[in-house]
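Observations on chain architecture
Okay, here's what each chain looks like letter by letter:
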Amino acid sequence: MSRRLLSFIAAFIFLTASAFAQKVAATPPMGWNSWNHFADKVTDADVRAAADAIVSSGMRDAGYIYVNIDDTWEAGRDSNGNIQTNKKFPDMKALADYVHSKGLKLGIYSSPGPKTCAGYEGSYGHEEQDAKTYAAWGIDYLKYDLCGLREVMDKQSGGDRLKAFVIQKAAYEKMHKALVATGRPILFSLCQYGWNDVWAWGPEVGGNAWRTTGDINDTYARMETIGFSQAGLSKYAAPGHWNDPDMLEVGNGGMNADEYRTHMALWAVLAAPLLAGNDLSKMSKETLGMLTNKDVIAVDQDALGKQGDRLWAVGPYEVWAKPLSGGAKAIALFNRGELASPMTLRLKDVGFPQGAKLRDLWKGTEVTAKNGEVTQVVPSHGVLFLKVSQ
Ligand code: GLA
């Protein structure tokens, strides 16, 4: 085969794969995931209740479409090697039908290793078979969590880190190909905690999103560490391929309202997947209000598809900006300190003239700048979240 023909075929495969990626994740995925609240206790009934609540609360109409089952749905395999569900999930196809009947999509979880993080059955050696099973059930999203593959990588690489990386990458690529071969659009979410600079090669292995960090938990300290560590990653996100600093903890009770508003605002600036992680059947009005704030979601989902980044940081004060379509920008002034403090935004510092329009996204009110500046007291661990436009 001539080199020209080969490069033509390679370009064709790349463009097809990238068109496929954009179709399923043109904007960061939004939905719910069972892990942060239910962990290994999640059942079919919990997932149905989450689907019901997403619809009745208005979250679906706000953009939350994926209902994702995390780890612990798996049993072993039958004599033909087909993956089985355990007794918490008696009929996955029926569950998918139920979720679809609500205008939602169903996500599932597996590992490229023999075992998942919680010690359940992984997809190692059964990738094509599992992909086919997911497609037959009607699955729309796969979170693929490295965990059990680490042992395999260690053994097969003999401790050589480059070899281990090659094994890891091949494992993700293998499942991507298996998913594509099913012909069903299945969003592919890589979960390997940001190792080996996954943002640089995630798109190559078909990732529509990739975790950039270890696990979040429901504390301000952990959320802050994860969220603010994302500075510098904006260039790796694009329609079809998103950095994923892990799922939301909003409404789980471990942070106060200012801290949860910081969590949501920061994730929106980061164009992060917005996967609610609370019990949707028991959420307060305040939690629902945060999760469904239209202005905040619009920042995350903006059609330009550009992730925001840090503009500057001085002590505990940070300003982050995200370019939006139509030349607008979302600007977040974060106070990571222990005391409330006035913070000032100078319009010219973010590329806008004195007369620019300003909106406070959490309050839903217009803000007037004086002499091209806005100063407001930002609570401890809180945020002043603004949209600036001409
Ligand atoms: C890992 C992942 C979590 C969750 C658990 C499930 O820790 O990072 O998000 O999926 O596994 O076992």
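Anything mentioned here points back to the structure above.
In short, a report on the structure. Remember, predicted model here, so these are calculated numbers, not experimental data.

Considerations on the pattern of salt bridges
Applying the stated criterion across every chain, the model contains 23 salt bridges. Salt-bridge contacts for Arg261 lead to Asp258; the nearest nitrogen and oxygen are separated by 3.2 Å. You can see Arg261 and its partner Asp258 sitting in helix α11 (residues 257–269), three residues apart, about one turn around the helix. Three or more residues joined by partner-sharing salt bridges are found here, namely Arg77, Lys115, Glu121 and Asp130.

Examining the sheet that holds strand β1 (residues 30–33)
Judged by pairing direction, the sheet is parallel, and its eight strands sit side by side in the order β9-β8-β7-β6-β5-β2-β1-β10 without closing on themselves. The open sheet has two free edges, formed respectively by β9 (242–244) and β10 (274–276), since each of these has just one partner strand. Pairwise comparison of adjacent strand axes, ignoring direction, gives a mean angle of 25 degrees for this sheet. For β1 and β10, the ladder comprises three bridges, and the chain directions are parallel.

Here's the deal with the sheet that holds strand β12 (residues 317–323)
If you trace the six strands from one edge of the open sheet to the other, you get β11-β12-β13-β18-β15-β16, paired in antiparallel fashion. Each edge of the sheet is formed by a strand with only one pairing partner; in this case those strands are β11 (309–314) and β16 (365–367). Here the strands of the sheet are splayed against their neighbours by 25 degrees on average, with no regard to which way each runs. Looking at chain direction, strand β13 (residues 329–335) and strand β18 (residues 383–389) are connected through six bridges and run antiparallel. Paired with Leu333 across the strands is Leu384, a residue of β18.

A short note on the environment of Gly148
Within the element layout of this structure, Gly148 appears in the loop between β6 (141–145) and α7 (149–157). Apart from residues no more than four positions distant in its own chain, Gly148 is found in contact with Ser111, Gly113, Pro114 and Lys115.

Topic: unusual backbone geometry
Non-glycine residue Asn196 carries a positive phi angle of around 50 degrees. Position of Asn196 among the secondary structure elements: in the loop between β7 (187–191) and α9 (198–201). Taking the relative accessible area as the measure of exposure, Asn196 reaches 38% and is therefore partly exposed.

Calculation criteria
Residues numbered from 1 in each chain as written. Predicted model: local features only at pLDDT ≥ 70, side-chain atom pairs only at ≥ 80, totals over all residues. Heavy atoms only, no water. Salt bridge = Lys/Arg side-chain N within 4 Å of Asp/Glu carboxyl O. Helix = DSSP H or I, 4+ residues; strand = E, 2+ residues; numbered from the N terminus. Pairing = 2+ DSSP bridges. Axes fitted to C-alpha atoms, helices over the stretch in contact; angles between N-to-C directions. Contact = heavy atoms within 4.5 Å. Buried < 20%, exposed > 50% of the residue type's maximum accessible area, 1.4 Å probe, protein only.

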